[in-house]
There are 2 protein chains.
Amino acid sequence: MSKRFKLSFIGAGNVSWHLSSAFENAGFKVQEVFSRNLKNAKEVTSLLYDATPVDKLDFSKSESEVFIICVSDDKVQEVSNELIVPDGSIVVHTSGSGELNLLNKHPLIGVLYPLQTFTKGNKILYSEIPFFFEASDEVVTEKLQFLATALSGKVYQVDSSARMALHIAAVFASNFSNHLYAISNEIIERTGIPFDVLKPLVEETAYKAFNKGPLAAQTGPAIRKDVKILEKHINFLTSDPEMKSLYKILSHDILKKAE
Amino acid sequence: MSKRFKLSFIGAGNVSWHLSSAFENAGFKVQEVFSRNLKNAKEVTSLLYDATPVDKLDFSKSESEVFIICVSDDKVQEVSNELIVPDGSIVVHTSGSGELNLLNKHPLIGVLYPLQTFTKGNKILYSEIPFFFEASDEVVTEKLQFLATALSGKVYQVDSSARMALHIAAVFASNFSNHLYAISNEIIERTGIPFDVLKPLVEETAYKAFNKGPLAAQTGPAIRKDVKILEKHINFLTSDPEMKSLYKILSHDILKKAE
């Protein structure tokens, strides 16, 4: 099964933008890219070898063996229900929290979830990105395993529940951390100091979390139970109720771990 | 004023461990390292050229011009009050949230706050670490400016209030983010997948926050207002009240920014 088969991408957002090019670089051929807005589809196909931008979900004439749905999680089922694919082809979505059965209209289905935050234009090292897949049967398993390992050295087969756990963990580690960076940015901006003074700290924090484990790596006033400093900081944030309340809750949670 | 003067370190924890070596590498001479526990002082001096470990705070015979207090924030004033230094020498603390006047027992005082999380044994690139200093007068200003710029290209003079803001920003970006990593770790561990699958995501998140700014870089279900996914995740966390409540609060705060 060393054949590099043909793929189509349904959706033309960040994930499609990234994965379509990545799979072509890995030797697969992208046949079509779908978007309701043809202009968006063209934006993605312009980066590809010879893919056709399309705005209809009827792929009955397509040569693709795998159709990869990269639309926002709440649109997966709707798109899948409209999608027409050739007999024997596989339909896959890429959502972290969408169940496999969102695709139940089709017989051969799977999920291929890359654990990364994608932004058009940002280069990404695919070999390090973990891919989590789920498959309706052995044929799909073999196909998705082959597809994922062509890009990444970290491929795991997990069920929908484990995938949701991974997605939630990613929300904490990425979306929520980023929200804390935004608060941090707001506090620093008021002093006139540029936000990027925090870069070495943020990088070292991430490094330590993966090097020693985040529990052992915890530092700061809360884990030291330095209640005086905590009070000072909470006072300082009096005019920012959202920041103040978050500071209290997070410090409280860390304090509990210190006990 | 190119003279590389002599220094003493009061305290033998992570900050002292790091800064004493860094200043010696930058050409300064460390005379003494103090700890109430001589063994801890020796652990630091063993890394230095010819520093003496001491367990008394009487430095009246010392040749040092600057005494750098690196003890936990709540001990700074107590240690400063006990500390005896030669006439004309400068006493400095390194705390983010400690006022300059904690050192008021002494006439020439300052603060030298390095914005980084220090762990013994971890190598750090000092040229990138921002140093924030505060000084009681022009003589101390000149001395601390000289000291800080010997290590770092990012040196800022700020008052106690701005320094506290920077410390609070650092708590959000480092200590609190790390707590989120710990939660993330806990969720992932239950699936049997290793925590380090999150490393590329965490690194890319940090990269994007400093590259585009954290507000513009926000991704995930909350900023997309994908209420269905948020509900799924909250349900998934039902048996973990702390995680569930944090998930709700942080998503709510991000949702507000999406409006």
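Residues numbered from 1 in each chain as written. Chains lettered and ligands numbered in written order. Predicted model: local features only at pLDDT ≥ 70, side-chain atom pairs only at ≥ 80, totals over all residues. Heavy atoms only, no water.

1. Description of the packing of helix H8 (residues 227-236) of chain B against helix H9 (residues 241-258) of chain B
Residues and elements named next belong to chain B.
Working step 1: The N-to-C vectors of H8 and H9 enclose an angle of 165°; their axes lie 9 Å apart at closest approach. On the basis of their axis angle, the class for H8 and H9 is roughly antiparallel. Seen along the crossing, H8 lies across H9 with a hand that is right-handed. Along its contact with H8, which presents Leu230, His233 and Ile234, the element H9 presents Lys244, Tyr247, Lys248, Ser251 and Leu255.
Working step 2: Of the residues in the contact of H8 with H9, the class split is four nonpolar, two polar and two charged. (Axes fitted to C-alpha atoms, helices over the stretch in contact; angles between N-to-C directions. Helix = DSSP H or I, 4+ residues; strand = E, 2+ residues; numbered from the N terminus. Parallel < 35°, antiparallel > 145°, perpendicular 65-115°, else oblique. Left-handed = near helix turned anticlockwise from the far one by under 90°. Contact = heavy atoms within 4.5 Å. Nonpolar A, V, L, I, M, F, W, Y, C, P; charged D, E, K, R; others polar.)

2. Remarks on the confidence of the model for chain A
Working step 1: Looking at chain A as a whole, the pLDDT averages 95, with 99% of positions reaching at least 70.
Working step 2: Our summary of model confidence lists the complex with pTM equal to 0.92 and ipTM equal to 0.92. (pLDDT = per-residue confidence, 0-100.)

3. A closer look at the packing of aromatic side chains
Working step 1: Throughout the structure, instances matching the rule amount to 24 aromatic pairs over all chains.
Working step 2: Between the aromatic rings of B:Phe23 and B:Phe28, the centroid separation amounts to 5.7 Å while the plane-to-plane angle is 85°, which identifies the pairing as edge-to-face.
Working step 3: Given a relative accessible area of 0%, B:Phe23 falls into the buried group.
Working step 4: On the accessibility criterion, B:Phe28 (3% relative accessible area) is buried.
Working step 5: Among the aromatic residues, those joined into a ring-pair cluster are A:Phe5, A:Phe9, A:Phe23, A:Phe28 and A:Phe146.
Working step 6: Directly above the ring of A:Phe5 sits A:Lys143, whose terminal nitrogen or CZ lies 4.6 Å from the centroid. (Phe/Tyr/Trp six-rings, centres within 6.5 Å; stacked < 30°, edge-to-face > 60°. Buried < 20%, exposed > 50% of the residue type's maximum accessible area, 1.4 Å probe, protein only. Lys NZ or Arg CZ within 6 Å of the ring centre and 35° of its normal.)

4. Regarding the pattern of salt bridges
Working step 1: If you walk through the whole model with that rule in mind, you get 30 salt bridges over all chains.
Working step 2: One salt bridge in this structure joins A:Arg224 and B:Asp73, with 3.6 Å as the shortest N-O distance. Of this pair, A:Arg224 sits in the loop between helix H7 (214-217) and helix H8 (227-236) while B:Asp73 sits in the loop between strand E4 (66-69) and helix H3 (76-82), placing the two residues on different chains.
Working step 3: Using a relative accessible area of 15% as the deciding quantity, one classes B:Asp73 as buried. (Salt bridge = Lys/Arg side-chain N within 4 Å of Asp/Glu carboxyl O.)

5. Overview of the relation of the copies chain B and chain A
Working step 1: You can overlay chain B on chain A at an RMSD of 0.1 Å; the transform is a turn of 180° with a shift of 0.0 Å along its axis. Such values leave the two copies arranged in the relation of a two-fold axis. Closest to the rotation axis within chain B is the C-alpha of B:Ser177, separated from it by 2.6 Å.
Working step 2: By residue overlap, the copies meet face to face through one surface: 99% of the interface positions of chain B are interface positions in chain A. (Least-squares fit on C-alpha atoms with pLDDT ≥ 70 in both.)

6. Overview of the side chain of A:Ser16
Residue and element names in this part refer to chain A.
Working step 1: Tracing the backbone through its elements, the reader meets Ser16 in helix H1 (residues 14-25).
Working step 2: Assessed through its relative accessible area of 0%, Ser16 is described here as buried.
Working step 3: Ignoring sequence-local partners within four residues, the contact set of Ser16 consists of Phe9, Gly11, Val33, Val44 and Cys70.

7. So, helix H5 (residues 160-189) of chain B
All names here are of chain B.
Working step 1: Helix length check: H5 (30 residues) gives 42 Å between terminal C-alpha atoms against 44 Å at 1.5 Å per residue, within 8%.
Working step 2: In H5, a bend of some 35° at Val171 exceeds every other bend along the element.
Working step 3: Of all 30 residues in H5, 27 are buried, a share of seventy percent or more. (Expected span 1.5 Å × (residues − 1). Bend = angle between axes of the 7 residues up to and from the residue.)

8. What to know about the interface of chain B and chain A
Where interface size is quoted, it is often the accessible area lost as the parts come together.
Working step 1: Listed as interface residues are 91 residues of chain B and, on the opposing side, 90 residues of chain A.
Working step 2: Interface area for chain B against chain A, summed over the two sides, is near 8,500 Å², with a carbon-plus-sulfur share of 70%.
Working step 3: For the pair chain B and chain A, the number of links is eight salt bridges.
Working step 4: For the interface between chain B and chain A, the tally reads 29 residue pairs in polar contact (both at pLDDT 80 or more).
Working step 5: In terms of residue count, H5(B) provides more of the side of chain B that touches chain A than any other element does, 27 residues in total.
Working step 6: Class assignment for the residues of the side of chain B that touches chain A results in 49 nonpolar, 23 polar and 19 charged. (Buried area = accessible area lost by both parts, 1.4 Å probe. Polar contact = N/O pair within 3.5 Å; in protein donor to acceptor, adjacent residues only side chain to side chain.)

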